Amino acid sequence: MNGSRIAAVGHYQPAKVLTNEDLAGLVDTTDEWIRSRVGIRTRHIAGPDEPVDELGAHAAAKALAAAGLAPADIDLVLVATSTAVDRSPNMAARVAARIGVPQAATMDLNVVCAGFTHALATADHAVRAGGAARALVIGADKMSEVTDWSDRTTCVLVGDGAGAAVVEAADEPAIGPVLWGSVPEMGNAVRIEGTPPRFAQEGQSVYRWATTQLPPIARRACERAGLEPADLAAVVLHQANLRIIEPLAEKIGAVNAVVARDVTESGNTSAASIPLAFSKLVERGEITTGDPVLLFGFGGNLSYAGQVVRCP
């Protein structure tokens with residue numbers, strides 16, 4: 001085997017939907033104010049009895065079912081999250097226990113909003129190196145639990161959810177080379193810190209960085225896959241803010257691509273946002289098997305990671 005591929009994807013969101021009108025009853029805001037600034041209409045919020053690993057387990061089970069695999073077929077479980085409450089057991093071990101994966105290696109990755117694409121690259125490397133036969137890669141976050149619901153600058157942004165992908169060996173590479181990095185000296189621009197931990201960010205700094213510094217990096221990820229941006233069938237960026245997604249997609253030059261805009265109905269779900277949006281595009285038939293898709297995560301730590309994958 002010379003590469004790896006995504007065999008299937010799946011996603012999960014809690015049943016509770018929080019609208020902009022609901023938020024207007026909590027803080028000084030309006031539906032028009034939120035839509036005009038971040039493009040979000042609704043978001044899904046997990047209850048107190050829905051921990052991160054439960055969200056991830058639902059998404060993982062759907063991805064396994066779509067791949068026609070059993071839990072015992074998996075030997076590596078990676079969970080990208082920045083909202084795990086406990087240090088041990090990690091979320092990957094808890095997800096494995098929930099869905100019945102025996103004896104797998106289990107690891108969490110905390111790269112915040114770029115977590116899923118980092119985890120996908122890690123799974124790709126492990127499979128191609130022979131360290132794993134099949135991996136479950138999950139992005140899951142419960143941002144509602146680290147949000148100050150009296151702060152209108154952040155509470156309007158967040159949502160909860162999970163997305164997952166099954167990665168397995170392939171004769172031809174269907175997960176392109178990752179391009180990843182960070183700007184650690186600007187890491188404080190996005191924070192989840194304190195006791196209790198709370199999400200905060202310097203919105204203007206993040207916006208300028210994302211819309212000016214990231215387009216050439218995303219284009220280089222396409223180059224590494226041997227493609228031009230115009231060859232892409234879809235672009236799935238971290239679903240941070242519609243005012244970031246749309247100009248960033250335009251500057252990348254993916255003129256023929258479907259651009260994921262799941263942020264409008266899901267909000268910013270951090271590490272879950274890319275697999276959530278990707279899975280929905282697949283489910284709706286907006287992209288088809290073999291289509292080239294750019295996945296590009298960015299955010300916390302001012303980290304980024306992107307790769308071109310083939311649609312399962």
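All of these numbers come straight from a predicted model, not from anything done at the bench. (Residues numbered from 1 in each chain as written. Predicted model: local features only at pLDDT ≥ 70, side-chain atom pairs only at ≥ 80, totals over all residues. Heavy atoms only, no water.)

Participant: Explain the sheet that holds strand β13 (residues 292-299) to me, please; I cannot follow it from the model alone.
Facilitator: Sheet strands line up and pair through hydrogen bonds in the backbone, either parallel or antiparallel. Across the sheet, which stays open at both edges, the five strands sit in the order β8-β14-β13-β11-β12 with mixed pairing between neighbours. Looking along the sheet, the strands with just one partner apiece sit at the ends: β8 (179-182) and β12 (258-259). Pairing geometry for β13 and strand β14 (residues 303-310), over eight bridges, is antiparallel. By the bridge assignment for β14, Pro292 is matched with Arg310. With respect to the sheet, helix α5 (residues 115-128) is in contact with β8, β13 and β14, its orientation differing from that of β14 by roughly 55 degrees. Packed on one face of the sheet, helix α8 (residues 214-224) meets β8, β13 and β14 and runs near 145 degrees to β13. (Pairing = 2+ DSSP bridges. Helix = DSSP H or I, 4+ residues; strand = E, 2+ residues; numbered from the N terminus. Contact = heavy atoms within 4.5 Å. Axes fitted to C-alpha atoms, helices over the stretch in contact; angles between N-to-C directions.)

Participant: Honestly, unusual backbone geometry in this entry has me stumped. Any pointers?
Facilitator: Trans is the prevailing form of peptide bonds, just as negative phi is the prevailing case for residues other than glycine. Between Ser88 and Pro89 the backbone carries a cis peptide bond, its omega angle lying at 0 degrees. Residue Pro196 is reached from Thr195 by a cis peptide bond, and omega for that bond is 0 degrees. Summarising the element assignment, Pro196 is placed in the loop between β9 (190-193) and β10 (198-201). In this structure, Val112 takes a positive phi of about 50 degrees despite not being glycine. Inspection of the secondary structure puts Val112 in the loop between β5 (105-109) and α5. The class of Val112 is buried, set by a relative accessible area of 14%. In this structure, Leu302 is a non-glycine residue whose phi angle is positive, near 45 degrees. Examined against the element boundaries, Leu302 turns out to sit in the loop between β13 and β14. (Buried < 20%, exposed > 50% of the residue type's maximum accessible area, 1.4 Å probe, protein only.)

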